[in-house]
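Structure at a glance
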Amino acid sequence: MTLMTDAAAHATARESVYRPRHPLHLGRTVGMLRRGGTDPTMVIDGARIWMTFRTDAGVATLCLRQSSDGIHASAWGPGAGEALDVVPRLCGADDDDTGFIIDHPQLEEVARRHPGIRMARTDRVFDALVCGIIEQKVTGMQAFGAWRYLVSRFGERAPGPTPRPMFASPSHEVWRVIPSWQWHRAAVEPPQSRTIVAAARRGASIERAALAATDGADRDRVLTSLHGVGVWTSAETRIRSLGDPDAVSVGDYHLAHEVGFALTGHRTDDDGMLELLAPWSGHRQRIIRLIWASGSREPRRGARLAPEDHRDR
């Protein structure tokens with residue numbers, strides 16, 4: 001890949017090494033935060049994971065690489081120090097799996113073959129919330145395309161020698177003033193764009209309240225207090241920004257079917273999924289991660305969720 005050649009690309013990086021006290025699979029822990037292969041805020045380039053952040057000090061680019069002596073982190077930009085500070089949380093340092101017992105032969109084997117799956121935490125609640133809203137009731141392809149379009153046009157170019165041009169997501173203030181016709185071009189439907197704009201008006205307070213909440217139920221109440229944010233969006237937000245080990249995305253188009261198939265050999269609905277996951281209360285997202293890592297997928301028999309495009313309406 002061709003590297004950026006502007007002055008920002010050659011700025012001196014700040015560096016650190018994080019040595020986790022637990023097994024860590026960087027790709028399965030941090031890599032799951034990526035929004036598709038063309039995510040402008042995250043690039044997986046061989047053994048390196050590149051991420052962008054908007055911090056209190058400014059935009060930063062972070063590059064992570066795993067080696068035998070730890071996680072090597074390099075950061076560029078005015079927010080480089082804050083980006084380096086978040087590396088341990090990104091790698092699951094705050095992830096407490098006390099009391100987690102798999103007690104399922106197939107999933108125990110998955111955990112043995114794939115050690116080090118941790119719950120990443122970014123603390124970027126608003127960014128994760130926007131992504132979750134964009135992903136409501138559409139295919140991943142549509143959602144990833146909309147995210148790429150909006151962030152690339154309204155975000156801020158990231159510093160450092162990134163493998164391709166990268167951008168930090170827009171600030172709350174910018175999300176609030178994106179013109180209606182740009183939402184239309186991004187194929188984001190009016191209910192979702194209105195929800196994002198309304199959330200941006202309360203973005204800082206929502207983020208503070210979610211970070212201050214003491215458990216998943218309290219965080220869920222904070223997030224679902226926003227009109228247009230339901231339990232699915234709340235769960236997706238908590239998983240990606242707060243590393244919630246118990247969050248379950250009820251209402252997902254595929255998840256209940258996949259959990260049912262992996263645990264019983266048969267598909268189920270949301271109620272059935274919650275019943276199956278009940279023995280792991282407090283750690284249900286961990287079980288879901290193991291199911292995804294297993295590669296077990298229900299054979300597709302029905303119609304896939306078809307993309308819809310409202311732009312010609």
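The structure reproduced in this document is the subject of the present report. Keep in mind that what you see is a predicted model, and the values were worked out from it rather than measured.

The rules behind these values
Residue numbers run consecutively from 1 along every chain, following the written order of its sequence. Where local features are concerned, this predicted model is filtered to residues with pLDDT of at least 70; where side-chain atom pairs are given and counted, the filter is 80 or more; whole-chain, interface and lining totals use all residues. Side-chain figures throughout are based on the complete set of non-hydrogen atoms in the structure, without hydrogens or water. In this description, a line fitted to the C-alpha atoms serves as the axis of each element, helices being fitted only across the stretch in contact, and the angle between N-to-C directions of two axes falls anywhere from 0 to 180 degrees. The numbering of helices and of strands both runs from the N terminus, where a helix is a DSSP run of H or I of at least 4 residues and a strand a run of E of at least 2. Any angle from 65 to 115 degrees is called roughly perpendicular, while one under 35 is roughly parallel, one over 145 is roughly antiparallel, and all others are oblique. Contacts: residue pairs with any heavy atoms within 4.5 Å of one another. Residues were grouped as follows: Ala, Val, Leu, Ile, Met, Phe, Trp, Tyr, Cys and Pro as nonpolar; Asp, Glu, Lys and Arg as charged; and all remaining residues, including Gly, as polar. At least two bridges found by DSSP between two strands are what make those strands a pair. In plain words, nonpolar cores are sets of buried Ala, Val, Leu, Ile, Met, Phe, Trp, Tyr and Cys residues tied together by side-chain atoms within 4.5 Å. Each residue gets one of three labels from its accessible area relative to the maximum for its type: buried under 20%, exposed over 50%, partly exposed in between, using a 1.4 Å probe on protein chains only. We define a salt bridge as a side-chain nitrogen of Lys or Arg found within 4 Å of a carboxyl oxygen belonging to Asp or Glu. Polar contacts, as used here, are pairs of N or O atoms within 3.5 Å; protein pairs need one atom able to donate a hydrogen and one able to accept it. Residues neighboring in sequence count only if both atoms are side-chain atoms. Every definition here rests on a 1 Å grid over the protein atoms only: cavities are sets of points where a 1.4 Å probe fits but cannot get out, pockets are open sets enclosed by protein on both sides within 12 Å along at least five of seven lines, and lining residues have some atom within 4 Å of a point. Grid points are joined across faces, edges and corners, and a volume is the space filled by probe spheres set on the points.

**As for the packing of helix 4 (residues 105-113) against helix 15 (residues 284-294)**
Across the interface, helix 4 lies against helix 15 with an axial gap of 9 Å and an inter-helix angle of 75°. Judged by the angle between their axes, helix 4 and helix 15 are roughly perpendicular. Where helix 4 approaches helix 15, its residues Leu107, Val110 and Ala111 are matched on the opposing element by Ile287, Leu290, Ile291, Ala293 and Ser294. Looking at the contact of helix 4 with helix 15 residue by residue, the class counts come to 7 nonpolar, 1 polar and no charged.

**Here's the deal with the pairing of strand 2 (residues 42-45)**
Across 4 bridges, strand 2 lies against strand 3 (residues 48-55) in antiparallel orientation. Considered in strand 3, the bridge of Ile44 is made with Ile49. Hairpin connection of strand 2 to strand 3: 2 residues between the antiparallel strands, including Gly46 at a positive phi of 65°.

**Here we look at the nonpolar core**
Judged by nonpolar contacts, the single largest core of 30 residues is most densely connected at Val130, Ile134, Trp147, Leu150, Trp175, Trp183 and Ile196. Put simply, the parts of the chain that give this core at least two residues each are helix 5 (125-134), helix 6 (140-154), helix 9 (190-201), helix 10 (203-212) and helix 11 (216-224). Core analysis: the second largest hydrophobic core is formed by 23 residues, Ala60, Ile71, Ala73 and Ala120 among them.

**Things to note about the pairing of strand 4 (residues 58-67)**
In terms of burial, strand 4 is a largely internal element, 7 of the 10 residues being buried. Across 8 bridges, the pairing between strand 3 and strand 4 is antiparallel. Looking at strand 4, one finds that Phe53 is bridged to Ala60. Hairpin remark: strand 3 followed by strand 4, antiparallel, with 2 residues in the connecting loop. Where strand 4 meets strand 5 (residues 70-76), 7 bridges bridge the pair, whose relative direction is antiparallel. Note on strand 5: the bridge partner recorded for Arg65 is His72. Linkage of strand 4 to strand 5, two consecutive antiparallel strands, is achieved through a turn of 2 residues.

**Some words on the sheet that holds strand 4**
Pairing within the open sheet is antiparallel, and its 5 strands lie in the order 1-5-4-3-2. At either end of the open sheet lies a strand with only one pairing partner, and these are strand 1 (14-18) and strand 2. Pairs of neighbouring strands in the sheet enclose a mean axial angle of 20°, with direction left out of account.

**Quick word on the pattern of salt bridges**
Using the criterion set out here, one finds 14 salt bridges in the structure. Note that Asp97 is salt-bridged to Arg118, the shortest N-O span being 3.8 Å. Separated by 21 residues along the polypeptide, Asp97 in the loop between helix 3 (87-90) and helix 4 and Arg118 in the loop between helix 4 and helix 5 bring together distant segments of the chain. Across the pair Arg240 and Glu236 runs a salt bridge, and its minimum N-O distance is 2.3 Å. One end of the pair is Arg240 and the other is Glu236, both in helix 12 (residues 231-242) and 4 residues apart, which spans about a single turn. A relative accessible area of 15% means that Arg240 is categorised as buried. Taking the relative accessible area as the measure of exposure, Glu236 reaches 10% and is therefore buried. One salt-bridge network, in which partners are shared between bridges, spans Asp95, Asp97, Arg118 and Arg286.

**Structural notes on the environment of Ala198**
In this structure, Ala198 sits in helix 9. Residues Ala198 and Pro20 lie 178 residues apart in sequence; the distance between their C-alpha atoms is 39 Å.

**Considerations on the side chain of Thr52**
Take Thr52: it is sitting in strand 3. A polar atom in the side chain of Thr52 sits 2.9 Å from the backbone oxygen of Phe167. Residues contacting Thr52, with those up to four places away along its chain left out, are Pro40, Thr41, Ala60, Thr61, Ala158, Met166, Phe167 and Ala168.

**Observations regarding empty space enclosed by the protein**
Considering all chains together, one arrives at 2 cavities of 30 Å³ or more under this definition. Its boundaries defined by the atoms lining it, the largest cavity holds a volume of some 290 Å³. Taken together, 19 residues make up the lining of the largest cavity; nearest its centre are Arg35, Thr41, Thr52, Thr122 and Asp127. At 4 residues, strand 3 tops the list of elements feeding residues into the lining of the largest cavity. The residue makeup of the lining of the largest cavity, split by class, is 8 nonpolar, 5 polar and 6 charged. Each pocket or cavity is described by its volume, and for the second largest cavity that value is around 50 Å³. In terms of lining residues, the second largest cavity is bounded by Ile134, Gln136, Val138, Gln142, Ala143, Ala146, Ala187, Val188, Glu189 and Gln192.

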